[in-house]
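Summary of the model geometry
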Amino acid sequence: MENDVLRQGTLFSSLDDEAADALRASMGEATLRRGDTLFHEGDSGDKLYIVVEGKVKLGRTSSDGRENLLAILGPGQMFGELSLFDPGPRSATVSAVTDTSFLSLAHEDLLKWLEGRPDVSRGLLLQLASRLRRANDVAADLVFSDVPGRVAKALLDLADRFGRTADDGVHVHHDLTQEELAQLVGASRETVNKALADFASRGWLRLEPRSVVIMDIERMRRRSR
Ligand code: CMP
């Protein structure tokens, strides 16, 4: 199961069984309860993490206490590598959105591991490049898209990773409060509520506590552009 999680992300997808076992042996385990924090922005860090089960939020806090969420990560996704490749403090606070378990790998061990493994190094570069691409999209959306467009895009992104297709639509258990959804799209809770209520009144989605059922994915796609 954990070897599957290791291979699920692009980082270690090329590993054969033997290499995955060897890597797994050098990894530690950690768990968090919903709401607990793994580390804070500004902390020093010496480990990379891979989510095995559950979801985490990566956030930053402004000097006046407002919060912005950079990403929600789930099984197979990795974080905590920036402070290795660009030595410095942790660039975000990581907290559990649900009970979560992780595998951890010391930066030192990862560096040793990367020697002589160009495929794993390439996996890491791929992941960093795709993160930069996504960060550029988020920055452009903040300038060019309205709040409903950003909400539609965020829900589709969550649906891609956490959605389950059923007869009545795609069930997305995002586990986020409306406040957290608002922090993810960089808008006020009121504006995000209004956008969600509008989508619901058009029959594009149904709101449930900490989840949505997307009933008209095509309209949501169009609205996200
Ligand atoms: P690090 O700075 O060590 O700790 C926080 C981690 O959050 C960081 O490494 C990255 O792995 C991750 N991270 C930072 N910014 C983003 C982002 N925009 N999208 C996804 N992950 C990020």
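Every value quoted in this text rests on a predicted model; they were computed, and no experiment measured them.

**Observations regarding the packing of aromatic side chains**
- In this structure the tally under the stated criterion is 6 aromatic pairs.
- Note on Phe39 and Tyr49: the rings are 6.1 Å apart at their centroids and 40° apart in plane angle, and the pair reads as tilted. Of this pair, Phe39 sits in strand β2 (residues 37-39) while Tyr49 sits in strand β3 (residues 47-53), placing them 10 residues apart in sequence.
- Taking relative accessible area as the criterion, Phe39 reaches 8% and is therefore assigned buried.
- Taking relative accessible area as the criterion, Tyr49 reaches 10% and is therefore assigned buried.
- Ring centres of Tyr49 and Phe79 lie 5.4 Å apart, and the angle between their planes is 15°; on these two criteria the pair is classed as stacked. In this pair, Tyr49 is assigned in strand β3 and Phe79 in strand β6 (residues 78-79), connecting sequence segments 30 residues apart.
- The rings of Phe39, Tyr49, Phe79 and Phe102 are connected pair by pair, giving a single aromatic cluster.
- Its end group placed over the ring of Trp113, Arg117 keeps NZ or CZ at 3.6 Å from the ring centre.
- Positioned above the aromatic ring of Trp204, the side-chain terminus of Arg202 is 5.4 Å from the ring centre.

**A look at the UniProt feature "domain: HTH crp-type" (unreviewed entry) in the protein**
- When the UniProt feature table is mapped onto this chain, "domain: HTH crp-type" (unreviewed entry) is found at residues 145-218.
- Annotation note: span residues 145-218, helix share 53%, strand share 22%, distance between end C-alpha atoms 18 Å.

**Notes on the pattern of salt bridges**
- Scanning the entire structure with this criterion turns up 16 salt bridges.
- The residue Asp198 makes a salt bridge to Arg202 at a minimum N-O spacing of 3.0 Å.
- Classification of Asp198 by relative accessible area gives partly exposed; the value is 31%.
- When its relative accessible area of 51% is taken as the criterion, Arg202 is described as exposed.
- Where salt bridges share partners, they join Asp168, Arg206 and Glu208 into one cluster.

**Structural notes on the sheet that holds β2**
- Taken in spatial order, the 4 strands line up as β2-β7-β4-β5 in an open sheet, and their pairing is antiparallel. The sheet is open, and its two borders are formed by β2 and β5 (67-73), each paired with just one other strand. When the angles between neighbouring strand axes are averaged without regard to direction, this sheet yields 30°.
- As judged from the 4 bridges shared by strand β4 (residues 56-61) and strand β7 (residues 93-96), these two strands associate in the antiparallel manner. The residue bridging Gly59 from the neighbouring strand is Thr93, located in β7.

**Notes on the confidence of the model for the protein**
- Looking at the protein, the pLDDT average stands at 90 and 95% of residues meet or exceed 70.
- The lowest-confidence element of the protein is helix α1 (residues 2-8), averaging 65 in pLDDT; the highest-confidence one is β7, averaging 97.

**Looking at the nonpolar core**
- One finds Val151, Leu155, Leu158, Val192, Ile214 and Met220 to be the most contacted residues of the largest nonpolar core, which totals 28 residues.
- Elements represented by at least two residues in this core include exactly β5, α6 (147-162), β10 (169-172), α7 (178-185), α8 (189-201) and β12 (211-214).
- The dominant element in this core, judged by the number of residues it contributes, is α6, at 9 residues.
- Beyond its immediate chain neighbours, meaning those up to four positions away, Leu158 contacts Ile72, Gly163, Val172, His174, Leu176, Leu181 and Leu184.
- Counting residues in hydrophobic clusters, the runner-up holds 18 residues, among them Phe12, Ala19, Met27 and Leu48.

The rules we used
Residues numbered from 1 in each chain as written. Predicted model: local features only at pLDDT ≥ 70, side-chain atom pairs only at ≥ 80, totals over all residues. Heavy atoms only, no water. Phe/Tyr/Trp six-rings, centres within 6.5 Å; stacked < 30°, edge-to-face > 60°. Helix = DSSP H or I, 4+ residues; strand = E, 2+ residues; numbered from the N terminus. Buried < 20%, exposed > 50% of the residue type's maximum accessible area, 1.4 Å probe, protein only. Lys NZ or Arg CZ within 6 Å of the ring centre and 35° of its normal. UniProt positions renumbered as here; feature names shortened; annotations may be inferred. Salt bridge = Lys/Arg side-chain N within 4 Å of Asp/Glu carboxyl O. Pairing = 2+ DSSP bridges. Axes fitted to C-alpha atoms, helices over the stretch in contact; angles between N-to-C directions. pLDDT = per-residue confidence, 0-100. Core = buried A, V, L, I, M, F, W, Y, C linked by side-chain atoms within 4.5 Å. Contact = heavy atoms within 4.5 Å.

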